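# Structure assessment
Spelled out, the chains give:
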Amino acid sequence: YQKSLQYNPKDRRILLSLSLMYETKGDRTRSEQFLLKALDAWAESPLVQAMAAEYYLRRQDWAQALFHAQTALALAPGYEKALQLLGTIHLRSGKFADAVAIMDQLIKINPEDPVAWYQRGMAFLQQQKAPEALASFEKVLLFSPNDEVTRIILEDTVDQYLSLEDPLRSRYAAYHFEQANQFRKKNLYVRAEFHYRRGLRIAPLDANGRQQYADFLKATDRKALFVQQLKILTDAGVKNNFVKDNLEIYSSLLASSVSNSWQVDQFVVERDPLLLRQYYIMPRQISEHPLAEPYLARYVQTLLLTSPKLSMNQDRSENSARILPRQVANESEAFASARGDRADYYVLVDLSESRDDFQGKVGLYLARTGNQLRSYAAYRSGNFRVQNAIWQICDSLQKEMPLRGRLLKRNLDEGLVNLGADDGLKAKDVLNIVSPEAFILKGDAPGFIYQQDKKTGSFTVTATDDLIAVGTVKREGFYDRINIGDIILRDGESLGKNLEPTANFPFLYNKIRS
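Everything quoted here is computed from the prediction, not taken from an experiment. (Residues numbered from 1 in each chain as written. Predicted model: local features only at pLDDT ≥ 70, side-chain atom pairs only at ≥ 80, totals over all residues. Heavy atoms only, no water.)

### Topic: the pairing of strand 6 (residues 372–381)
If a strand is regular, its side chains alternate between the two faces of the sheet. Alignment of strand 5 (residues 357–366) against strand 6, held across nine bridges, turns out to be antiparallel. Paired with phenylalanine 358 across the strands is arginine 380, a residue of strand 6. Taking the residues that link successive antiparallel strands as the turn, the strand 5-strand 6 hairpin has five residues, and the phi of glycine 370 there is positive, at about 80 degrees. (Pairing = 2+ DSSP bridges. Helix = DSSP H or I, 4+ residues; strand = E, 2+ residues; numbered from the N terminus.)

What follows is the structure, encoded as structure tokens:
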């Protein structure tokens, strides 16, 4: 391009291309130089003015971006690209009423423009005008049914603003029940369950959707969860043959379950998940969906929390408030926040999209030190690119998370732990029992390290329910040092080498953390 510029010093394409390339390289000075040359040579070109508006929009220079977008529109009244840019500028700069007015102009020119309907809906949403926002988002999906980002935002809006009895909930949830059934036919059960549960989150009173989910649990032999869903349906007044017959049969089958034998309600047993915090960075480039970042971050959170190993609640308790993803400017801000919350790990999410592709990057960090342990990335194009990219990242991260449980009860050589089939436990699995104060998270990879002399025994699984398991307890050494509340760690799951006992560990670590 530089050589071509010698022969064509005012070529519009060359000047704009060089501006974009230098901007991508991070050389803003040279990038702006070529942009200004293009503006000087092509001041009356609506395209060049629009490119200048995009450039200054990426730099968050609202005044310059607005000037060039308005200039482009003055040069070419009705120029759709300029109107779209004006809407984006108003959205990014917080002028939501102005954004609505501009999008109304664009819709008069092109009533089927999904960009215009999206920006109109987002502007209404930022003003907490949910009915107007939902109506606009519905138009987006009418004209662009594969727009995953808009669907995610619409569902988030439904969940936040509509009453549980609103019939619109079932209409929006139907999409996920259909998706779940499609994944089920392909034997992709984990993804099918996610869609069943997301559908029920949107429409918790949808009896048809809940019965589909119950049938799925039956087919995957999740007896206790199956009975739980049948009881919910019964309480909702559903008393068809499927519900009545299966409730009687499976309640009888559960008579010999671990929960019944130990007189424990597995659904209220406290868990010991890892405390995770999530942060996201605003992308530098112009997004196809302005202001979508917090909604996409919450979608990532929803997928991550399909793993029972993780919690984003205030204090790991199911009853405490969930901490939503937070926007940060850099890694240092994320580290300070996660450490202040006394989290175990934190993730930094960076999502970007263009018209035809989607890219996600997620860094996993140890909250104790701020050390990055893993980096996950996925790039997808085509239909379902957002869902597939985010799912790949979350699935990879979840698989590396170490498993932690607790000894709940003990009866001589038999014990009960708060881990079960949903955690991957099965008969004959052997786990380690260690003192609660004797382990920490590894500093260089996901997993635990612990003092060998603080290992109090082993636990061999004999039977499982969905969320709890019973097994034989075997002491380590001559003395029996196993106590209720000791920690259960899976042997070989990123456990790392045993840490030799020292005078300073874990006293020094606990002192610093306090």
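### Observations regarding the pattern of salt bridges
Pairing of side chains with opposite charge becomes possible as their charged atoms draw close. Evaluated as defined, the whole model comprises 24 salt bridges. Where lysine 223 meets aspartate 221, a salt bridge forms, and the shortest distance between an N and an O atom there is 2.7 Å. Looking at lysine 223, the relative accessible area reads 27%, which means it is partly exposed. A salt bridge links arginine 222 to aspartate 422, with the nearest nitrogen and oxygen atoms 3.2 Å apart. In this pair, arginine 222 sits in the loop between helix 13 (207–219) and helix 14 (223–235) while aspartate 422 sits in the loop between strand 8 (414–417) and strand 9 (430–434), placing the two residues 200 residues apart along the sequence. (Salt bridge = Lys/Arg side-chain N within 4 Å of Asp/Glu carboxyl O. Buried < 20%, exposed > 50% of the residue type's maximum accessible area, 1.4 Å probe, protein only.)

### Here we look at empty space enclosed by the protein
The final tally for this structure, using the stated rule, is five cavities of 30 Å³ or more. Approximately 130 Å³ is the volume attributed to the largest cavity. Along its surface, the largest cavity is lined by 15 residues, and Pro283, Glu293, Leu296, Leu351 and Ser352 are the ones closest to its centre. At four residues, the largest contribution of residues to the lining of the largest cavity is made by strand 4 (residues 345–353). Residues that form the lining of the largest cavity fall into these classes: nine nonpolar, four polar and two charged. As a volume, the second largest cavity reaches approximately 100 Å³. (1 Å grid on protein atoms, 1.4 Å probe; cavity = no way out; pocket = protein on both sides within 12 Å on 5 of 7 lines; lining within 4 Å. Points joined across faces, edges and corners; volume = space filled by probe spheres on them. Nonpolar A, V, L, I, M, F, W, Y, C, P; charged D, E, K, R; others polar.)

### Here we look at unusual backbone geometry
We note that leucine 291 has phi near 70 degrees; this positive angle belongs to a residue other than glycine. The phi torsion at arginine 342 lies on the positive side, around 60 degrees, for a residue other than glycine. Inspection of the secondary structure puts arginine 342 in the loop between helix 18 (331–340) and strand 4.

### A word on the packing of helix 6 (residues 80–92) against helix 8 (residues 114–126)
Here helix 6 crosses helix 8 at 20 degrees, and the two axes come no closer than 10 Å. When the axes of helix 6 and helix 8 are compared, the pair comes out roughly parallel. Here helix 6 and helix 8 pass one another in a crossing that is left-handed. In this structure, helix 6 contributes Gln84, Gly87, Thr88 and Leu91 to the contact, and helix 8 contributes Val115, Gln119, Met122 and Ala123. For the contact of helix 6 with helix 8, the residue count by class is four nonpolar, four polar and no charged. (Axes fitted to C-alpha atoms, helices over the stretch in contact; angles between N-to-C directions. Parallel < 35°, antiparallel > 145°, perpendicular 65-115°, else oblique. Left-handed = near helix turned anticlockwise from the far one by under 90°. Contact = heavy atoms within 4.5 Å.)

### With respect to the side chain of threonine 88
Within the secondary structure, threonine 88 is located in helix 6. Engagement of the side chain of threonine 88 in a polar contact is seen with the side chain of glutamine 119, the distance being 2.9 Å. (Polar contact = N/O pair within 3.5 Å; in protein donor to acceptor, adjacent residues only side chain to side chain.)

### Focus on the sheet that holds strand 7 (residues 404–411)
With antiparallel pairing, six strands are arranged side by side around a closed barrel as 7-8-13-12-9-14. Looking at each pair of strands side by side, their axes are set apart by 40 degrees on average, direction ignored. The pairing of strand 7 with strand 14 (residues 487–490) spans three bridges and is classified as antiparallel. What sits directly across from arginine 406, in strand 14, is isoleucine 487.

### Description of the environment of aspartate 395
In this structure, aspartate 395 sits in helix 19 (residues 385–400). For the pair aspartate 395 and threonine 306, spaced 89 residues apart in the sequence, the C-alpha separation amounts to 9.5 Å. At 3.1 Å, the side chain of aspartate 395 and the side chain of lysine 399 are in polar contact.

### Observations concerning helix 6
Three- or four-residue spacings in an α-helix give side chains the same orientation, since the helix completes a turn every 3.6 residues. In this model, helix 6 (13 residues) spans 18 Å end to end at C-alpha, consistent with the 18 Å of a helix rising 1.5 Å per residue. Across the 13 residues of helix 6, 10 count as buried, placing the element largely inside the fold. Turning to helix 6, its buried residues number three or more, namely Ala82, Leu83, Gln84, Leu85, Leu86, Gly87, Thr88, Ile89, His90 and Leu91. Tucked into the core, helix 6 has its buried residues touching helix 4 (46–58), helix 5 (62–75), helix 7 (96–109) and helix 8. (Expected span 1.5 Å × (residues − 1).)

### Quick look at the packing of helix 11 (residues 168–185) against helix 12 (residues 189–202)
Following both chains from N to C, one finds helix 11 and helix 12 inclined at 170 degrees, their axes separated by 8 Å at the closest point. What the angle tells us is that helix 11 and helix 12 run roughly antiparallel. Facing helix 11, whose interface residues are Arg169, Tyr172, Ala173, His176, Phe177, Gln179, Ala180, Asn181, Phe183 and Arg184, helix 12 presents Tyr189, Arg191, Ala192, His195, Tyr196, Arg198, Gly199, Leu200, Arg201 and Ile202. In the contact of helix 11 with helix 12, the residues fall into 10 nonpolar, five polar and five charged.

### Some points on the packing of aromatic side chains
Given two aromatic rings, one states the distance between the centres and the angle between the planes to describe the pair. Counted by the stated rule, this structure contains 15 aromatic pairs. Between tyrosine 118 and phenylalanine 137, the aromatic rings sit 6.1 Å apart at their centres with planes inclined by 35 degrees, giving tilted as the arrangement. In this pair, tyrosine 118 sits in helix 8 while phenylalanine 137 sits in helix 9 (residues 130–143), placing the two residues 19 residues apart along the sequence. For the pair shown, tyrosine 118 and phenylalanine 137 are each scored as buried. (Phe/Tyr/Trp six-rings, centres within 6.5 Å; stacked < 30°, edge-to-face > 60°.)

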